[in-house]
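# Close look at the chain arrangement
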Amino acid sequence: MGNIKTVDDTTFETAVLKASRPVLVDFWGEHCPPCVALAPVFEEMAQEYADRVDFYKLNVGDNRKVPATYSILSIPTLILFKGGKPVQQMVGFRGKAALKKLLEAA
Amino acid sequence: MAKEYDLVIIGAGPGGLSAGLYAARSRLKCVALEKRVPGGQITDTERVDNYPGFPDGVLGVELGQLMHQQAERAGMEMEYAEVTSLTLEGNSKRVATTEGGYLAKAVIITSGANPMKLGVPGESEFTGRGVSYCSVCDGPFFTGKPIAVVGGGDSAVEEGDYLTRFASQVTLVHRRDELRATKVLQERAFSNKKMDFRWNTVVEAIRGSSVVSALELRDVKTGQKATLEVPAVFIYVGLRPNIEFLNGLIKLDSGGHIAVNLWMETQVPGIFAAGDVRCNSAKQVVSAAGDGATAAIAAERYIKEWRP
């Protein structure tokens, strides 16, 4: 998890919305099989894009405020933020190729 | 340069991993190509209760990992790539992927299936905002709320029952007047006080503003319309085979499944299909595993006689 940091309801604004670089957030939960499946690929991408993008994970079981703000009712959901605004979103784990495509917008 | 193999397996679900296990034990040089994660569809369900050898059931993700370990230990290779096309080059088969090309003497297609969409207004718009195809993932969002499930097969009934752990009530909307699901699942659902059934009913539209707020329903017998106010609908109305990469190379049945004989041979020599992607599949983990073994044995025979 070297390149992936954890974010929560209280740190979200500073870490994600005020970041100087693009940020990819993985909204995930325990007991969610596709979230478990996504984890190693997310980690791989975090290494590959370490020089360009910040990678964060937010646990939707422990944090209700931020997921509600973005109307997240399905996990995993990935949102790419740029300049404090969501620019790309992906619901469900659709494989490495789909994740790479999403990161092209960073 | 394309990587060369005796056998390329497209998809590492139970069918692909069983095929890989058998092929590797026959000392075929084989690789399984997987776009997501070993196990396929079973990784989208919490627990598998009908695979023999696990009397207390087994977690879907765990069963996938166990099958993967066993096939790799036997000598199967695994690569993570999405197949984009399958074409013929003489007697060789060329498999193009997002990560590079492969050349094989034989190919086993075990690409499985994905949940089918209802195809009604609002469905894609609200996917991830109240429309879901994964109860294990999204059930907890609707704790204490009434929700709906659409479908009448094993998945709809089993997942509906599972969702009553979170929801205050689960309304199962089904277009027929009886369920198609396995009897043991029906018994469980009918005795569950939090489950409610809307028979002969179809969903005509999913409504909401930023998230789902209601379903528009129609009784197919009387034509009467109704509104069901729910913040979520879980859709389990069948499976669509993953065959986009074939581009018409192989004969399909009317549902888009690959036509095979009892040895899992397609009409193209050296190309086999097994599991949920083939025609007349029982769509079970155990039958996919059996299909995979059959296809691998048939592929080994084909490869023995193979000439360039």
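First, a word on what this report is: a plain description of the structure on this page.

### As for the environment of A:Leu24
Residues and elements named next belong to chain A. Relative to the elements of secondary structure, leucine 24 occurs in strand S2 (residues 23–28). Residues leucine 24 and proline 86, 62 residues apart in the sequence, show an inter-C-alpha distance of 9.4 Å. Aside from chain neighbours lying at most four places away, what touches leucine 24 is Phe42, Val53, Asp54, Phe55, Tyr56, Leu78, Ile79, Leu80, Leu99, Leu102 and Leu103.

### Comments concerning the interface of chain B and chain A
Taken together, the contact between chain B and chain A spans 23 residues of the former and 20 residues of the latter. Linking chain B with chain A are zero salt bridges. At the boundary of chain B with chain A, the tally comes to five residue pairs in polar contact (both at pLDDT 80 or more). Ranked by residues supplied to the side of chain B that touches chain A, first place goes to helix H3 (residues 135–138) of chain B with three residues. For the side of chain B that touches chain A, the per-class residue count stands at nine nonpolar, seven polar and seven charged.

### Considering the sheet that holds strand S10 (residues 131–132) of chain B
One key point about sheets: their strands pair by backbone hydrogen bonds, in either a parallel or an antiparallel sense. All names here are of chain B. Spatial ordering of the open sheet is given by S10-S17-S11-S12-S13, a layout of five strands whose pairing is parallel. Strands at the two margins of the open sheet, each flanked by one partner only, are S10 and strand S13 (195–198). Examined bridge by bridge, strand S11 (residues 146–150) and strand S12 (residues 169–173) share five bridges and lie parallel to one another. Looking at the pairing, isoleucine 147 lines up with valine 170 of S12.

Calculation criteria
- Residues numbered from 1 in each chain as written.
- Chains lettered and ligands numbered in written order.
- Predicted model: local features only at pLDDT ≥ 70, side-chain atom pairs only at ≥ 80, totals over all residues.
- Heavy atoms only, no water.
- Helix = DSSP H or I, 4+ residues; strand = E, 2+ residues; numbered from the N terminus.
- Contact = heavy atoms within 4.5 Å.
- Salt bridge = Lys/Arg side-chain N within 4 Å of Asp/Glu carboxyl O.
- Polar contact = N/O pair within 3.5 Å; in protein donor to acceptor, adjacent residues only side chain to side chain.
- Nonpolar A, V, L, I, M, F, W, Y, C, P; charged D, E, K, R; others polar.
- Pairing = 2+ DSSP bridges.

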